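Listed here are the chains, written in short residue letters.
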Amino acid sequence: MVGLVLVSHCRDLACAAARLARQVSSGTEIPIAAAGGVGDNREELGTDAMDIMEALESVYSDDGVLVLMDLGSAVLSAKTALEFLDAEKAGRVCLCPAPLVEGAVAAAVQISIGGSLDAVRQEAAAALVPKQIDLGAAPEAAPSADAAGDAPAVGENEAAYLSYRFVSRLKNGLHARPASLLVNAAAQHNAEVRVKNISRDRGPESARSINRLALLGILLGDEVEIQASGGGAEEALAALQKLAESNFGEAPAALKTAGVSDGKPLSLAPGIGMGRLYRENTAVACPKRTVDDADAEIRRFEAALARVKTELEAHEESLARAGRADEAGIFAAQKLILLDGGLIDGVKKAVAAEKLDAAYVYQQTMDKLAAEYRKLPGSYLPQRAVDINDVASGVIAALTGGGRSGSGDTGDIILAAKEIQPSMLVRFENRIRGFLTETGGATSHAAILARTLGIPAISGYRLDENTPNGTLVIVDGKNCSVTVAPDSRTQADFREKIAGWEEKKKQDFEDSKKDAVTTDGVKVHVRANVGGKRDAKTAAEYNAEGIGLLRSEFLFLSSPAAPDEATQEALLREILAFFPDEPVTIRTLDIGGDKPLGWLELQKEENPFLGVRGIRLCQKEKQLFMGQLRAILRAAAGFKVKIMSPMISTVEELCFCREMLETAHAGLLKEGIDHLWPVPFGIMVETPAAVMMADKLAGKADFFSIGSNDLSQYIMAAERGNAALSELADAHQAAVLRAVSMTASAARKAGIPVSVCGEMAGDPALSKALVGMGITELSMNPAAIGPVKRAITAVSQKEAGEMALRCVECSVLDEVMGILAHDAG
């Protein structure tokens with residue numbers, strides 16, 4: 001492999017250029033050395049021939065060495081350095097007049113694909129050309145045809161090429177890092193590969209040259225075509241398609257297509273859907289008017305309440321019959337809003353006192369209540385305003401004589417509204433193929449329903465108001481893109497993608513049946529995150545090896561009062577029955593200021609995420625906590641149950657939990673009630689404090705479970721429900737990966753098992769890094785089980801370990817994404 005030496009008067013500049021060159025080498029270790037500076041610590045400006053000679057020796061091979069210099073005496077010192085080498089070695093060293101930084105990037109990419117010294121030299125020498133063309137300056141040289149392979153003129157031999165088209169989702173366009181990934185991927189196959197910018201009518205250019213790719217000027221939103229010919233064309237195109245679909249390892253940026261608002265769209269649910277636009281207008285204005293008979297108006301109001309109550313109960317019952325108890329609870333909660341005695345009495349009194357129209361009074365009352373909810377802190381409570389508006393829409397529709405559209409209509413639709421209300425998704429369930437909403441976050445009830453129903457959904461998207469109902473619309477929830485009025489070719493492409501999506505789901509299910517064993521024989525246990533009976537059923541269907549995280553909040557959130565021990569026990573045993581022979585880890589109550597219980601009064605907090613939640617609440621509500629521990633121990637009899645508590649930050653909190661658990665056991669033993677004992681007790685590691693104290697906590701816990709979702713937001717100080725901070729609150733951040741690695745190391749030294757649950761565990765690429773950290777228990781959304789098992793079986797633990805080490809050594813998010821994308825390919 002050709003070596004690369006970078007010489008600068010400033011040592012720091014040479015080292016920085018070397019780091020940049022390494023970043024674009026797509027994970028390939030290329031021989032690079034930096035030389036520069038003079039003085040004892042080489043902190044003074046200047047160059048030293050002996051320093052350059054040592055650099056040459058460190059990267060030398062018979063393939064040759066390319067040397068790039070900044071200016072003046074750097075060239076003279078480099079020439080002098082050659083005189084110290086023997087003649088044979090000196091003959092394989094090329095001093096290149098290319099620019100230092102641009103040349104280093106171009107050379108590194110060419111070296112990483114095995115280019116010859118001459119090819120590397122030509123790429124480096126032409127590195128300024130794309131910049132010169134972009135800025136309107138006359139280029140002094142053309143990008144090397146010899147290094148890249150001649151790119152035929154547009155239209156030449158088009159039929160001989162296989163092709164794949166995609167829309168660029170790269171925030172900063174095809175810059176150096178993704179371009180280097182493309183060059184490397186293309187070089188792995190026996191095929192001629194070229195790239196064309198369809199949107200700007202540039203190219204095709206050879207995919208073997210980063211300089212030629214730069215000439216294409218590919219920006220966010222540009223349509224790009226990759227073409228391949230030769231014996232390995234199909235394999236090359238498949239690999240490059242996979243790379244493009246991964247967005248070259250970067251977070252996909254929102255497309256500025258027609259109708260998109262200036263806000264940042266947020267994916268609420270993945271998938272691809274196509275249908276006719278249907279707008280549901282929920283903003284019905286009820287005018288202020290008086291009525292002649294107040295008593296008759298109150299009776300009309302009561303009839304409207306009864307009608308909506310019947311609708312909500314029907315939704316609740318149909319979901320419950322389908323085994324979707326969690327989603328049914330949404331409408332149970334809406335029924336509580338509907339039947340709130342204080343609200344109803346207030347409306348009746350206003351109608352009676354002022355003889356006002358009930359629809360007007362009710363709308364004013366509910367609008368005020370929704371506004372109060374929107375002012376509450378956090379991301380969870382403000383989104384409950386949507387449920388208030390949903391209830392209000394139903395009552396007002398009943399009062400005004402209007403109905404709400406639903407299952408009686410026909411045809412596939414893309415539903416668009418300022419806010420998507422849960423009842424819309426149920427009413428249109430058999431027709432809706434996607435939804436677009438201007439507001440709402442990932443924790444809204446509508447988003448939860450969309451993910452459960454498999455409906456692609458995007459928030460923060462505003463359609464042009466002139467786009468008429470009936471317009472064909474395509475929604476890509478995963479990539480957060482929307483296509484309005486697509487042409488026939490685009491429709492055909494998306495139908496193919498939809499078919500591919502369905503085929504992938506089938507393959508994922510088949511892969512979920514296999515064991516997750518690395519190529520060197522390390523078994524990884526892949527379990528499921530579960531939040532209710534329906535989730536447990538789905539987890540069993542997807543062949544989960546037990547439950548790694550059973551969120552016990554479902555026992556409390558939809559209940560109008562604190563459930564007793566017997567009720568909790570019965571509900572837990574229904575879930576445990578799905579896994580009679582597999583381990584189930586139950587997390588104790590994780591409730592706080594942002595996830596309230598209707599029957600438990602909580603103090604209002606400025607920042608509920610840093611307030612009384614998780615174990616902190618249980619310390620205040622000991623009776624509630626004791627009742628839950630007793631119920632878990634009772635339900636666990638005859639099953640392989642483990643218990644863990646959330647938000648543990650101190651050894652004292654862990655000891656409190658153990659004492660409460662011992663007390664629960666002693667009480668049940670005294671009462672002669674059958675229960676599981678002993679029971680393993682562990683903690684969720686999801687606070688920076690728990691990471692820093694992991695070695696001490698490991699001495700008191702039976703196991704660790706890393707909660708990657710909360711850990712990411714606390715490590716990065718970025719609320720995960722805030723779309724503006726989504727890149728910060730990303731589990732791919734090197735700081736988060738370091739925290740996970742530190743925790744795994746502490747657990748390993750203490751001899752206790754450690755698992756990871758949350759979005760991180762369900763990411764196929766990240767799951768390999770976790771295995772590389774020595775983590776052999778992962779828990780995730782059931783649908784992710786197949787892809788994760790497929791990823792794990794394709795790698796050895798040694799390879800995964802090397803990958804993990806590279807990730808935790810990264811400085812920026814793009815570096816991590818680049819490593820994961822390279823390993824995925």
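Please refer to the structure higher up on the page.
Model, not experiment: these values are computed from the prediction.

(A) Quick look at the packing of helix α30 (residues 764–772) against helix α31 (residues 785–792). One way to put it is that α30 packs onto α31 with a least axis distance of 8 Å and a crossing angle of 50°. Taken together, the axes of α30 and α31 lie oblique to each other. As α30 packs across α31, the resulting crossing turns out to be right-handed. Note on element contacts: α31 touches α30 through P787, V788, A791 and I792, opposite P764, S767, K768 and V771. Taken together, the residues of the contact of α30 with α31 sort by class into 6 nonpolar, 1 polar and 1 charged.

(B) Region of interest: the sheet that holds strand β5 (residues 162–167). The strand order β5-β8-β6-β7 describes an open sheet built from 4 strands, whose pairing is antiparallel. The two strands at the open ends of the sheet, each matched to only one other strand, are β5 and β7 (202–206). Along the sheet, successive strands turn relative to each other by an average axial angle of 20°, direction set aside.

(C) Focus on unusual backbone geometry. In this chain, G203 is followed by P204 through a cis amide linkage whose omega measures 10°. Considering the arrangement of structural elements, one finds P204 in strand β7. Residue P678 is bonded to the preceding W677 through a cis peptide linkage, with omega at -5°. Tracing the chain through its elements places P678 in the loop between α25 (651–671) and β21 (681–685). One non-glycine residue, R42, lies in positive phi territory at about 55°. Inspection of the secondary structure puts R42 in the loop between β2 (32–36) and α2 (49–59). Here N247, not a glycine, exhibits a phi torsion of approximately 55°, which is positive.

(D) Spatial organisation of helix α3 (residues 73–84). In a regular helix each residue adds 1.5 Å, so 12 residues correspond to 16 Å; α3 covers 17 Å between its end C-alpha atoms and thus fits that length. If you check which residues of α3 are buried, you get A74, S77, A78, A81 and L82. The arc that holds the buried residues of α3, viewed along the axis, is 150°, so those residues lie on one side. Facing away from the buried side of α3 by more than 90 degrees, the exposed set consists of L76 and E83. Check the buried side of α3 and you find it contacts β1 (3–8), α2, β3 (65–69), α4 (87–90) and β4 (93–96).

(E) Seen up close, helix α11 (residues 233–245). With 13 residues, α11 extends 18 Å from end C-alpha to end C-alpha; this agrees with the ideal 18 Å at 1.5 Å per step. For α11, the set of buried residues is A233, A236, L237, L240, L243 and A244. End-on, the buried residues of α11 take up no more than an arc of 120°, which puts them together on one face. Looking at the packing, one finds that the buried side of α11 touches β5, α9 (176–187), β6 (192–197) and β8 (223–229).

(F) Expanded view of the packing of aromatic side chains. Here the structure, examined in full by the defined rule, presents 5 aromatic pairs. Measuring from ring centre to ring centre gives 5.8 Å for Y164 and F166, while their planes differ by 15°; the resulting arrangement is stacked. An aromatic cluster is defined as three or more aromatic residues linked by ring pairs; in this entry it consists of Y164, F166 and F248. Directly above the aromatic system of Y60 lies the positively charged group of K89, at a separation of 5.2 Å from the ring centroid.

(G) View of the pattern of salt bridges. Counted by the stated rule, this structure contains 39 salt bridges. Two residues, D357 and R289, come together in a salt bridge whose shortest N-O distance is 3.2 Å. Linking D357 in the loop between α14 (341–354) and α15 (358–374) with R289 in the loop between β10 (272–279) and α12 (294–321), this pair joins segments that are 68 residues apart in sequence. For D511, the salt bridge identified is with R790, shortest N-O distance 2.4 Å.

(H) Expanded view of the pairing of strand β18 (residues 547–551). The element β18 is largely enclosed, with a buried count of 4 among its 5 residues. Summarising the sheet, strand β17 (residues 523–530) and β18 pair through 3 bridges and their orientation is parallel. Paired with N529 across the bridge in β18 is L549. Alignment of β18 against strand β19 (residues 584–587), held across 3 bridges, turns out to be parallel.

Criteria and thresholds
- The numbering scheme is per chain: residues are counted from 1 as the chain's sequence reads.
- Note on the predicted model: pLDDT of at least 70 is required for a residue's local features to be given, and 80 or more for side-chain atom pairs to be given and counted; whole-chain, interface and lining totals, by contrast, use all residues.
- Values reported for side chains reflect all heavy atoms of the structure, with hydrogen atoms and water molecules removed beforehand.
- All axes here are fitted lines through C-alpha atoms, helices being fitted over the stretch that makes contact, and every angle between N-to-C directions spans 0 to 180 degrees.
- A run of H or I in DSSP becomes a helix once it reaches four residues, and a run of E becomes a strand once it reaches two; helices and strands are each numbered from the N terminus.
- The scheme is simple: roughly parallel for angles under 35 degrees, roughly antiparallel for over 145, roughly perpendicular for 65 to 115, oblique for anything else.
- By convention the crossing between two helices is left-handed if the near helix lies anticlockwise of the far one by an angle smaller than a right angle, and right-handed if it lies clockwise.
- Contacts: residue pairs with any heavy atoms within 4.5 Å of one another.
- Classification convention: Asp, Glu, Lys, Arg as charged; Ala, Val, Leu, Ile, Met, Phe, Trp, Tyr, Cys, Pro as nonpolar; all other residues, Gly among them, as polar.
- For two strands to be treated as a pair, DSSP must find no fewer than two bridges joining them.
- Expected helix span is given by 1.5 Å per residue-to-residue step, counting one fewer step than there are residues.
- Think of it in three bands: with a 1.4 Å probe and only protein chains considered, a residue is buried below 20% of the maximum accessible area for its type, exposed above 50%, and partly exposed in between.
- The directions from the helix axis to the C-beta atoms form the arc being described.
- Each Phe, Tyr or Trp ring (for Trp, its six-membered ring) is paired with any other whose centre lies within 6.5 Å, and the angle between the two planes then decides the class: stacked below 30 degrees, edge-to-face above 60, tilted in between.
- A ring is scored as having a charge over it whenever the NZ atom of a lysine or the CZ atom of an arginine sits within 6 Å of its centre and within 35 degrees of its normal.
- By convention in these notes, a salt bridge is any Lys or Arg side-chain nitrogen within 4 Å of a carboxyl oxygen on Asp or Glu.

By themselves, these are just geometric observations and shouldn't be taken as functional.
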